[in-house]
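Each chain is listed here by its residues.
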Amino acid sequence: MGVLMSKKQQVEKVQKCNAVVFAFQAGVKDRPPTAKQGDGDVEEDDGPANPEGKSAEEAEKEDVDGGAAPSTSQQAAAATRDECKANNEAWSRLRDGKGVEPEDLDKTHQLTPPAFVRPKREADDDQPVEVELDKKEQPPRDEMCDVCEVWTADDLYPCRVCTRMFHDGCLRELGYLRTEALQEMRDAAHTVTGWSCYYCDNLNLLLTEEEMYSLMETFKQCKIIPESCLVSDELLQYRHFVSKQQFEKDLTDEQEEEVLAQFAALDPEKKGHIEWSDFLYHESLAILRKFRTENSLLRLLTAKERDKARSVFLALDLDKDGLITRAECRQAQSSWFHNPNKDSQSCNVRLMGLCSPMTCGISQVGPMCESSPGSSGSERSKTGDSRPVTWADFLKESGIYILAARPNSSAMHIHLPL
């Protein structure tokens, strides 16, 4: 009985639905016919919408033409959004330590670049570091590629700064090196000059989150666009802004000449602009020199770099008394920049803003201070040149020069001691 009642209820529901549908169809039939596209008849209440009596096709055409202006504005808005998105992505890459986004990264890669976490300063970061002169470290090279973790003997290319090894194909698939940079790596990796891997080549990766934030804020206030080249006027404008921000005054004529000399040092190939990577490396060095002590900079050096410093010092310490002269110290600091492409750079010009107060308000010490515009570097006495320098002082004073020599670029990122 219950089943029969359920079927009866279902039939009643279907009948009610059919009645509603029939009523709706009847109401539609009772409506007056609307004018179809192409018909000559036009309803009376359509007059205000088409006062000139134009056909529907003409009206539609006018609607399309009238919408041209909004379409153009929409395109401009879309272009602005794309530009903002590109700038935000560039700032993100800069913050994450990638620096420059190579063109090769536009394609799909088989390998994923490793995640990078910026370093943090430890509590004892500024404490003295004991580095023995008579005990070489000689760290062994890694046996496998840092990317794919496969050993293939002679096909691996070492970094001159750290112990990592790489396959050229792995670096290409990661997208960190363009084709021409890969060839330069193959030519230099096994030579005396050597080649810096993408970790060591990018000095910006040495900055902490706080230091990077300080640098990015300065860039944003100066309207510096990441990953873009800078001409001399833009560099001058940037230096003027930094000078006003830190010293509340414009650059002097002498300081402007120094900025132009700096621009020439960052543009050794005379392209008329400086690459974003070179500008970023130089500003990163300025931040390190501003916020880090000599002991802190010394902690950034790798075992390979400390071993090289030992070899240079021992070669100059002919009488083996653990001392060299101030002149020999300056000579050693110049020796870090042994890249053949840099030989054309003159050491008789104030090259870089790092040795000037206008860059970051640094109180220089050692040869950097002696070669600054306010010093009498060109009139040093023989007594000053013969002043003894210990191994510990030599290593601490040379730290910034050793770091500045890491990039593979032929640009000069720091002023050479005179």
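Computed from a predicted structure; not experimentally measured.

Conventions and cut-offs
- Residues numbered from 1 in each chain as written.
- Predicted model: local features only at pLDDT ≥ 70, side-chain atom pairs only at ≥ 80, totals over all residues.
- Heavy atoms only, no water.
- Helix = DSSP H or I, 4+ residues; strand = E, 2+ residues; numbered from the N terminus.
- Buried < 20%, exposed > 50% of the residue type's maximum accessible area, 1.4 Å probe, protein only.
- Areas by Shrake-Rupley, 256 points an atom, 1.4 Å probe, with all protein chains shown as cover.
- pLDDT = per-residue confidence, 0-100.
- Contact = heavy atoms within 4.5 Å.
- Salt bridge = Lys/Arg side-chain N within 4 Å of Asp/Glu carboxyl O.
- Polar contact = N/O pair within 3.5 Å; in protein donor to acceptor, adjacent residues only side chain to side chain.
- Arc of directions from axis to C-beta.
- Phe/Tyr/Trp six-rings, centres within 6.5 Å; stacked < 30°, edge-to-face > 60°.
- Lys NZ or Arg CZ within 6 Å of the ring centre and 35° of its normal.

Focus: the overall build of the protein
Now for step 1: Counting its regular elements, the protein contains 17 helices and four strands.
Now for step 2: Per-residue burial over the protein gives 38% buried out of 418 residues.
Now for step 3: In the form shown here, the protein has an accessible surface area of approximately 24200 Å², with 51% of it arising from carbon and sulfur atoms.

Focus: the confidence of the model for the protein
If pLDDT is low for a region, its predicted coordinates should not be looked at in detail.
Now for step 1: Predicted confidence across the protein gives a mean pLDDT of 74, with 61% of residues reaching 70 or more.
Now for step 2: Helix α11 (residues 294-299) holds the highest mean pLDDT among the elements of the protein, 95, whereas helix α15 (residues 366-370) holds the lowest, 34.
Now for step 3: Confidence drops under pLDDT 50 across residues 1-6; counting only partners more than four residues distant or on other chains, this segment forms zero contacts.
Now for step 4: Segment residues 98-107: pLDDT under 50, and 26 contacts once partners within four positions in sequence are set aside and those in other chains are kept.

Things to note about the pattern of salt bridges
Now for step 1: Taken as a whole, this structure holds 15 salt bridges when the rule is applied.
Now for step 2: Across the pair Arg239 and Glu283 runs a salt bridge whose closest N-O atoms are separated by 2.7 Å. Highlighted residues: Arg239 in helix α8 (residues 232-247) and Glu283 in helix α10 (residues 276-291), separated in sequence by 44 residues. The same class applies to Arg239 and to Glu283, which are both buried.
Now for step 3: With a shortest N-O distance of 2.6 Å, Glu397 and Arg326 are connected by a salt bridge. With Glu397 in helix α17 (residues 391-404) and Arg326 in helix α13 (residues 326-335), this residue pair connects regions lying 71 residues apart in the sequence.
Now for step 4: Note on Glu397: relative accessible area 16%, which makes it buried.
Now for step 5: Among the ionic contacts, a cluster of salt bridges with common partners joins Glu137, Arg306, Asp307 and Arg310.

Some details on the side chain of His282
Now for step 1: You can see His282 is positioned in helix α10.
Now for step 2: Judged by its relative accessible area of 0%, His282 falls in the buried class.
Now for step 3: Engagement of the side chain of His282 in a polar contact is seen with the side chain of Arg239, the distance being 3.5 Å.

Comments concerning helix α5 (residues 179-188)
Now for step 1: Regarding α5, the residues found buried are Leu182, Met185 and Ala188. Down the axis of α5, the smallest arc covering the buried residues is 140°, so these residues share one side. Across α5 from its buried face, at more than 90 degrees, point the exposed residues Thr179, Glu184 and Asp187.
Now for step 2: The inward-facing, buried residues of α5 abut β1 (156-158) and α4 (168-174).

Looking at the packing of aromatic side chains
Now for step 1: Going through the model one piece at a time under the given rule, you end up with 11 aromatic pairs.
Now for step 2: Residues Phe166 and Trp195 carry aromatic rings whose centres are separated by 5.9 Å and whose planes lie at 90° to one another, so their mutual orientation is edge-to-face. On the criterion of sequence distance, the pair formed by Phe166 in strand β2 (residues 165-167) and Trp195 in the loop between α5 and α6 (198-201) is long-range, its members being 29 residues apart. The same class applies to Phe166 as to Trp195, namely buried.
Now for step 3: A network of ring pairs unites the aromatic residues Phe166, Trp195, Tyr198 and Tyr199 as a single cluster.
Now for step 4: The ring of Tyr199 has Arg164 sitting right over it, with the charged end atom 4.0 Å from the ring centre.

Some thoughts on unusual backbone geometry
Now for step 1: A positive phi angle, near 45°, is found at Gln138, a position not held by glycine.
Now for step 2: You can see Gln138 is positioned in the loop between α3 (68-95) and β1.
Now for step 3: Of note in the backbone geometry, Glu248 takes a positive phi value of approximately 55° without being a glycine.
Now for step 4: Tracing the chain through its elements places Glu248 in the loop between α8 and α9 (253-266).
Now for step 5: Given the relative accessible area of 73%, Glu248 is considered exposed.

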